[in-house]
Amino acid sequence: MMKKMFVPVKTGIAAIDTQHEHYYKLINDFVFLSKNRHIEKSEAIKFFSEVVEYTVLHFDTEEFFMRSIDYPDYETHVKIHDRFRASIEKQSEELEQVTNICKFAETFAEWVGAWFSAHEATADLKIAEYCKTHDIHC
Ligand SMILES: [Fe+2]
Ligand SMILES: [Fe+2]
C-alpha cells in the first residue's frame with residue numbers, strides 16, 4: 001500500500017512556499033526510504049542535521065517576513081517556532097544514545113511531518129490571510 005505523504009498547503013507567499021516544498025520533500029523522501037529499507041546511522045544523522053538546519057533557515061525567513069509586514073501575531077508565532085526549534089535540537093542530541101536508530105528516525109520524520117502540516121495549515125496560513133486582507137502582495 002502506498003504511504004500517505006505529507007503535502008504542503010499553499011500560502012501564496014513565494015519565499016515561504018518554496019521552502020515548505022523543500023521541507024516536505026526532505027521529510028517525505030526520508031519517510032519513504034525508512035519504510036522501504038534499513039536506514040544506516042549515518043543517513044539518520046544526516047537527516048536530523050538537515051531538518052535542524054532547514055528549520056532554522058525557514059523559521060528565520062518566515063520571521064523576517066513577518067517583521068517586514070508588521071505582522072500583529074508575530075510574538076505568538078515565534079513562540080511556537082521556538083518550542084519546535086528546541087524540541088528538534090533536543091531529539092537530535094538524543095540520537096547519539098539511541099539503540100534503534102532506524103525506528104527513532106522514522107518516528108522523528110513522521111512527527112516532524114505531522115507537526116509541520118498542522119503548523120502550516122494554522123499559523124502559517126494566518127500570515128497569508130493577513131496579507132490578503134491587508135492588500136499585501138508578495
Ligand atoms: Fe511558521
Ligand atoms: Fe512555515
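About the criteria used
Starting from 1, residues in each chain are numbered consecutively following that chain's sequence as written. Note on labels: chains are lettered from A, ligands numbered from 1, in written order. Only residues with pLDDT of at least 70 are given local features in this predicted model, and only at 80 or more are side-chain atom pairs given and counted; all residues enter the totals for whole chains, interfaces and linings. Based on all heavy atoms of the structure, the side-chain values leave hydrogens and waters out of the count. By the criteria applied, helices consist of DSSP H or I runs no shorter than four residues and strands consist of E runs no shorter than two, each listed in order from the N terminus. Water is not among the atoms examined, so metal sites may look incomplete; donors are the N, O and S atoms within 2.8 Å of the metal, or within 3.2 Å for Na, K and Ca. The buried label goes to any residue with under 20% of its type's maximum accessible area, the exposed label to any with over 50%, and the partly exposed label to all in between, with areas taken from a 1.4 Å probe on protein chains only.

K.L.:
Can you explain unusual backbone geometry? Please cite residues and give values.
P.N.:
Unusually for a residue other than glycine, aspartate 70 sits at a positive phi of about 55 degrees. Position of aspartate 70 among the secondary structure elements: in the loop between helix H2 (41-68) and helix H3 (74-94). You will see that aspartate 135, though not glycine, has its phi angle at about 55 degrees, which is positive. With respect to the helices and strands, aspartate 135 occurs in the segment after helix H4 (101-133).

K.L.:
Hey, could you go over the coordination of the iron ion (ligand 1) for me, with residue numbers and the actual values?
P.N.:
The protein atoms that coordinate the iron ion (ligand 1) are Glu62 (OE), His77 (NE2), His81 (NE2), His119 (NE2) and Asp124 (OD), at distances of 1.9 to 2.3 Å. Counting the intervening residues between successive donors of the iron ion (ligand 1) yields the motif E-x14-H-x3-H-x37-H-x4-D. Separation of the iron ion (ligand 1) from the iron ion (ligand 2) amounts to 3.7 Å, with glutamate 62 serving as a shared donor to the pair. Of this pair, histidine 77 and histidine 81 both sit in helix H3, 4 residues apart, which is roughly one turn of the helix. Residue class for histidine 81 comes out buried when judged on its relative accessible area of 0%.

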